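Tertiary structure, described
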Amino acid sequence: MKFPYLKEAIKSAFKKPSTEPYPKVNKEAPEGYRGKIKYYPEKCVNCGLCIRVCAPGCITRTIEKVEEGDKVTFTFYQGQCTFCSLCADFCPRGAIELTKDYHLAVTDPKDLIVSGTFIKKAPPKPPVQPQNQPAAKNQESNA
Ligand code: SF4
Ligand code: SF4
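The following refers to the structure shown. (Residues numbered from 1 in each chain as written. Chains lettered and ligands numbered in written order. Predicted model: local features only at pLDDT ≥ 70, side-chain atom pairs only at ≥ 80, totals over all residues. Heavy atoms only, no water.)

**Considerations on the site of ligand 1**
Which entries qualify depends on this criterion: The nearness test applies per residue and asks whether one of its heavy atoms lies within 4 Å of the molecule or strand. Residues were grouped as follows: Ala, Val, Leu, Ile, Met, Phe, Trp, Tyr, Cys and Pro as nonpolar; Asp, Glu, Lys and Arg as charged; and all remaining residues, including Gly, as polar.
Taken together, I37, C54, P56, C58, I59, C81, T82, F83, C84, S85 and C87 make up all the residues around ligand 1. Along the lines of polarity and charge, the residues of the shell around ligand 1 split into 9 nonpolar, 2 polar and no charged.

**Remarks on the pairing of strand 3 (residues 69–77)**
Formally: Between any two strands, pairing holds if DSSP finds at least two bridges. Starting at the N terminus, helices and strands are each numbered in turn, a helix being any DSSP run of H or I of at least four residues and a strand any DSSP run of E of at least two.
In the sheet, strand 2 (residues 59–66) pairs with strand 3 via 8 bridges, with the strands oriented antiparallel. Residue pairing across strands places I63 opposite V72, the latter belonging to strand 3. Count of turn residues in the strand 2/strand 3 antiparallel hairpin: 2 residues. In terms of strand pairing, strand 3 meets strand 5 (residues 113–121) through 9 bridges, oriented antiparallel.

**Digging into the pattern of salt bridges**
In plain terms, the rule: When a carboxyl oxygen of Asp or Glu is within 4 Å of a side-chain nitrogen of Lys or Arg, the pair counts as a salt bridge. Each residue gets one of three labels from its accessible area relative to the maximum for its type: buried under 20%, exposed over 50%, partly exposed in between, using a 1.4 Å probe on protein chains only.
Taken as a whole, this structure holds 5 salt bridges when the rule is applied. The closest approach of N and O atoms between K11 and E8, which form a salt bridge, is 3.4 Å. Separated by 3 residues within a single helix, K11 and E8 lie in helix 1 (residues 6–13), roughly one turn from each other. Judged by relative accessible area, which is 45%, K11 ranks as partly exposed. A salt bridge links D101 to K36, with the shortest nitrogen-to-oxygen separation between them at 3.7 Å. Taken as a pair, D101 in the loop between strand 4 (96–98) and strand 5 and K36 in the loop between helix 1 and strand 1 (37–39) lie far apart in primary sequence, 65 residues in all. Residue K36 is classed as partly exposed on the basis of its relative accessible area of 27%. What you see here is one network of salt bridges that share partners, running through E28, E31 and K100.

**Observations regarding the nonpolar core**
Here is a general trend for soluble globular proteins: nonpolar side chains tend to be buried in one another's company. In plain terms, the rule: Each nonpolar core is a collection of buried residues, namely Ala, Val, Leu, Ile, Met, Phe, Trp, Tyr and Cys, held together in the definition by side-chain atoms within 4.5 Å. Between two residues, a contact is recorded if the distance between any of their heavy atoms is within 4.5 Å.
Counting residues in hydrophobic clusters, the biggest one holds 20 residues, and the most contacted among them are Y39, I59, F74, F76, I96 and L98. Sorting the residues of this core by element identifies strand 1, strand 3, helix 3 (86–90), strand 4 and strand 5 as the ones contributing at least two each. For this core, the element with the highest residue contribution is strand 3, accounting for 3 residues. When neighbours within four sequence positions are excluded, I59 is seen to be in contact with C50, I51, C54, F74, T75, F76 and C87.

Everything listed here is a matter of geometry and, on its own, says nothing about what the molecule does.
Set out below in structure tokens:
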């Protein structure tokens, strides 16, 4: 009978715990690790794709009418997040990033909220079309 992990287990038994220097020295997360969410509202175009692909429903959006257009706020509640990265993968503008930051142990659930706001400007109003002025036309034809 083979014990493929026996050698590793014996080696590890004599190693210092890798968490020993924590929190003074933070070990870097491995490549591809999906941790804390970062949202870049300045890149967002309010397409809503991230909301549609998020299975646990941890992304919410509020839109408030303001003078300049729409004040759009996106909120990510990481307490529900499965860190699947679908929101970031589907975002056409790279406005969401799952960073390598794994510090997600909090005492207040509010600290798991990530949010950002931007103003979506209203489209410019179309130019006012000149009205038909039959009186002026009559004046031209009389001239
Ligand atoms: S990583 Fe997954 S679960 Fe978390 S907000 Fe994005 S889509 Fe939702
Ligand atoms: S998918 Fe990206 S661009 Fe679209 S609403 Fe979400 S964050 Fe904004």
